[in-house]
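Structural overview for review
Spelled out, the chains give:
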Amino acid sequence: MSEDAKSPGPRTRNIIENQLYRRQRSLKLEALQRQRTLDSGDGVEGLGPDPEPFDKTHIVIIFTEKAKLRHCQDVEKIIQEFGIQTTLEIVGKTEKYLYLSASVDTLLRLADAAELEKMTTTDSMQKFNNGCISDFLLPGMGKDQILRYCEIPVLIKDVIQDGIKSYLQKGYIEDLFPLHDILYLERFNWDLKRTKLPIEDIRNYFGSSIGLYFGFIEFYTKALVFPSVFGILQCLFDLNISLVCSFYVIWTTIFLELWKRRCAGYSYRWGTIEMSSLDKPRSAYTGQMKPDPITGKMTLHYPMRYTYLQMYCISYPVVLGCVVAAGWFALYQFQIEAEVLADFGPDSWLLYIPVIVQSVLIAIFSWAYEKLATFLTNLENHRTRSQYDRHRVNKLMLFEIVNNFFSQFYIAFVLQDLRQLKYQLMMQLLVFQLLCIAQEIGIPLLAVLRQKYVEFRHREVAEEKLRSISDLPRYEQSFYESGLDEYHSTYEDYLQVCIQFGYVVLFAAVAPFAAIGALLNNVFAVHIDMWKLCNIFKRPFARRAKNIGAWQLAFELLSVMSLLSNCGLLFLQPNVKDFFSHWLPSVPDLSFVIFEHLLLGLKFLIHKVIHERPRWVRIGLLKADYETSQALKQLKKFKAEANKMA
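These numbers come from a predicted model, not from an experiment.

Before going further, it helps to spend a moment on the UniProt feature "transmembrane region" (unreviewed entry) in the protein. The UniProt entry lists residues 210–233, 239–259, 306–329, 349–369, 429–449, 501–528 and 549–572 under the feature "transmembrane region" (unreviewed entry), expressed in the numbering used here. End C-alpha to end C-alpha, residues 210–233 measures 36 Å, and it is 96% helix and 0% strand. In the segment residues 239–259, helix accounts for 90% and strand for 0%; the C-alpha atoms at its two ends are 28 Å apart.

With that out of the way, let us pick up helix H17 (residues 491–505). The end-to-end C-alpha separation of H17 is 21 Å, in line with the 21 Å expected for 15 residues at 1.5 Å each. Burial analysis of H17 places 14 of its 15 residues in the buried class, which makes it a mostly covered element.

A separate point is the pattern of salt bridges. According to the stated counting rule, one finds 14 salt bridges in the structure shown. In this structure, the salt-bridge partner of Lys 143 is Asp 105, at a minimum N-O distance of 2.7 Å. Of the two residues, Lys 143 sits in the loop between strand E5 (125–127) and helix H4 (151–160) while Asp 105 sits in helix H3 (residues 104–114), which places them 38 residues apart along the sequence. A relative accessible area of 46% places Asp 105 in the partly exposed class. A salt bridge links Arg 392 to Asp 389; the shortest N-O distance between them is 3.8 Å. Note that Arg 392 and Asp 389 are positioned in helix H13 (residues 385–415) at a spacing of three residues, about one turn of the helix. Members of the salt-bridge network, linked through shared partners, are Lys 118, Glu 151 and Arg 203.

The subject of this paragraph is the pairing of strand E3 (residues 96–101). Of all six residues in E3, six are buried; the element is thus mostly enclosed. The side-chain alternation of E3 yields two buried faces, one formed by Lys 96, Leu 98 and Leu 100 and the other by Tyr 97, Tyr 99 and Ser 101. Across four bridges, strand E1 (residues 59–63) lies against E3 in antiparallel orientation. By the bridge assignment for E3, Val 60 is matched with Tyr 99. By the bridge criterion, six bridges tie strand E2 (residues 85–90) to E3 in an arrangement that is antiparallel. By the bridge assignment for E3, Thr 87 is matched with Tyr 99. The hairpin formed by E2 and E3 contains five residues between the paired strands.

This part takes up the environment of Ile 79. Counting through the fold element by element, Ile 79 comes out in helix H2 (residues 69–80). The sequence separation of Ile 79 and Ile 160 amounts to 81 residues, and the corresponding C-alpha distance is 6.0 Å. Sequence-distant contacts of Ile 79, defined by excluding residues within four places in its chain, comprise Ile 61, Ile 84, Thr 86, Leu 98, Leu 100, Ile 160 and Ile 164.

Rules of the game
Residues numbered from 1 in each chain as written. Predicted model: local features only at pLDDT ≥ 70, side-chain atom pairs only at ≥ 80, totals over all residues. Heavy atoms only, no water. UniProt positions renumbered as here; feature names shortened; annotations may be inferred. Helix = DSSP H or I, 4+ residues; strand = E, 2+ residues; numbered from the N terminus. Expected span 1.5 Å × (residues − 1). Buried < 20%, exposed > 50% of the residue type's maximum accessible area, 1.4 Å probe, protein only. Salt bridge = Lys/Arg side-chain N within 4 Å of Asp/Glu carboxyl O. Pairing = 2+ DSSP bridges. Contact = heavy atoms within 4.5 Å.

Below is the structure:
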């Protein structure tokens, strides 16, 4: 960097230069690996047998300008007490780095303490035991391959975070993040020959939470092929709405049930299927240290009554107020549209403005309410990540259903104007998809343009800095990646997919092409999501997840609502009304209840027929339980014999 870069303020965010650096680094690493292979483990000339300490760096800690040398050294000593290897590098007053790494033996010891689930040689999942490593060494596997890429940084972070918490709170530590593995990122490049996403690689690198998101979006995109084809047939042959209702009940139910089976397979292989509310608390959880009633260990505890008071006395009244406000705003849009119609006539182009403005404001309200829902859920202080996500999604879905779909329900069942319903639905869906595309493509493009200025200012590392840098490639990558944005969660991604699913199924009787638009959007969006995750964001710490959590319930809720809404559209048809009025003149509405209950019964039957866990997963879980019980019997027998001998 130049002299004026010694106090850089905001860190460099040069995506273009970062990519050039990564590509050059990737080529160097590939050449080094080839050289190692040729030398048969003898080392590369001039570098010795272990020439790349940079390859072993798992986490980087960056200190603030406020941190003195003694603070950096104190943090280093605390971390070293846990058996973590450290390298402190003071490049300048504003650049202080602490690189963390760990030996395989240390990582396996941490994995044992964390009770990670691993596949054994008997093809069952068991908690990892460092004293019985041979039980977890599958054919052709070394002990350095037991842990996945995503697990190593999390093990290190979990063991050191309590020790350095005070330094984070005092503002001595600016950031803590795992470095990207440049060679591994090559697996995620867009390949036109690839027919499916590398879900296992995604999980191994980013963790099960992100792996499940990409697994779900791939499964959902493939499932959209069926309603897309059906939508084309619906337009060509003007299919009866009763057939449309039946198709979407069957499709949504089978899609969601089959996804449960796919998800159970993922979570079993990834060792997360038996996660519960007793898992380790999330980092933002607060409380008092008390003995755990199960393990006896000292853990954080927070009275549940305070959480319930916050939820039912503050959070949900605020949510209800926002829902009422969103409904009132949707109705006010119709008043404005009626005034425009009265002033300018039905042929005026000004009639498009209220719908377009409403569609844009819906996106703005969604963004604002997401911040509010997050704030309220933070105040509730839920213990685990799954509990936190579930309550946040519950708040969000109450608002989003009203915010996005209240106007359609009002037009369909109060105004009973199917022509206006189709117009309103297609306009909102069009604006929604355009905003999604703008967010998926526009943000990366703006980020690249924003970096042009940084690229223009960037120069080579000054000579005086080179003397204090022990590993230039490691320093450069740490510097580049420290300026990337932080990836928080899959929350916004699931929200977009959930709203899109609502547009596809809720009024499918009048919007047959919605599924085609969703299919085309998802084909490109999933690759853009992957590109952003690899290039625009820091590598996130992996989060464990056994399913998609509350989003599964959100999709199932929309599935049931689609059954009711499409049945309602069916009975708004004049010929259907006349038919049932003729046969059931006293209670014509009873026919709606009968037909709707028949479809609900069909949905329930499909739910019961399709088991949520594949047979091989159930066998694997039973096998693990059996092996655990047998091991416990052997342990008791061994203790009894030892007591007799004593």
